[in-house]
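One letter stands for each residue in the lines below.
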Amino acid sequence: MNAVFRRLAPILGVATLCLPFASATLIPRVSFEELVDSSDLVVSGQITRTWAAWDTTHRHIWTHYELSVTSAQKGAPGRNVEFAEPGGSLDGVVMNVAGGVTYAVGDHVAVFLERMPNGYLRTTGWSQGKYRVDSAGHLRAESLLRQDAATAGTVTGASVRSLDGVTVDEFSQRVRQRISQQRRAQ
């Protein structure tokens, strides 16, 4: 189990139990380094397709996305990558996940993706692992988590927000530098 999932597993369990009663999800802040280290793939491209499907137990709905890859910063994806997020609408049933990440066909994005125990790839760190790519080729953060006194200083390393506004090329370079640092440390 990867580090981000281990930190999120207890929260996800509680959040799942409380879904009928609560409309918020507690999401730990993760650093850029943690996003890179925990992700199986870091890619950019365009969302070309989306659909909802039941999981193998027919208990949870997952919304699936297909991304046409224009560049890969980590991993070896094919031309297209399929990933999924919990929640969606199917067969007259709506499953909402507070804090869930959504995408739309046509979105240009740079995403950090990690493999879940169910085999699906999913956005690492919830919305912290999703960036829109604007028409000028700059990343725009989807998540700007508020930092309050209780969480101040709990994450070391570069802030995820530090990627907001960088170009896709700068993003690629930063990811590759982190991977290189990680290999040297091993």
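Coordinates for the structure precede this section.
Residues numbered from 1 in each chain as written. Predicted model: local features only at pLDDT ≥ 70, side-chain atom pairs only at ≥ 80, totals over all residues. Heavy atoms only, no water.

A. Representation of the packing of aromatic side chains. In this structure the tally under the stated criterion is six aromatic pairs. Taking 6.5 Å as the distance between ring centres and 85 degrees as the angle between the ring planes, the aromatic pair formed by Phe32 and Phe112 counts as edge-to-face. One end of the pair, Phe32, is in helix 2 (residues 32–38); the other, Phe112, is in strand 6 (residues 108–115), with 80 residues separating them in the sequence. Taking the centre distance of 5.0 Å and the plane angle of 70 degrees together, the rings of Trp62 and Tyr120 count as edge-to-face. One end of the pair, Trp62, is in strand 2 (residues 61–74); the other, Tyr120, is in the loop between strand 6 and strand 7 (121–123), with 58 residues separating them in the sequence. Both residues of the pair, Trp62 and Tyr120, belong to the buried class. Each residue in the set Phe32, Phe112 and Phe171 is aromatic and connected to the rest through ring pairs, giving one cluster. Sitting above the plane of the Trp126 ring, Arg122 keeps its charged end 4.5 Å from the centroid. (Phe/Tyr/Trp six-rings, centres within 6.5 Å; stacked < 30°, edge-to-face > 60°. Helix = DSSP H or I, 4+ residues; strand = E, 2+ residues; numbered from the N terminus. Buried < 20%, exposed > 50% of the residue type's maximum accessible area, 1.4 Å probe, protein only. Lys NZ or Arg CZ within 6 Å of the ring centre and 35° of its normal.)

B. A look at the nonpolar core. In this structure, Val43, Ile47, Leu67, Val81, Phe83, Tyr103 and Leu113 are the most contacted members of the largest nonpolar core, which totals 19 residues. Of all elements in the fold, only strand 1 (41–54), strand 2, strand 3 (80–86) and strand 6 reach the threshold of two or more residues within this core. The biggest single contributor to this core is strand 2, with four residues. Residues contacting Val81, with those up to four places away along its chain left out, are Leu41, Tyr65, Glu66, Leu67, Val69, Leu113 and Leu121. Counting residues in each nonpolar core, the second largest holds 17 residues, with Leu35, Val42, Tyr131 and Ala141 among its members. (Core = buried A, V, L, I, M, F, W, Y, C linked by side-chain atoms within 4.5 Å. Contact = heavy atoms within 4.5 Å.)

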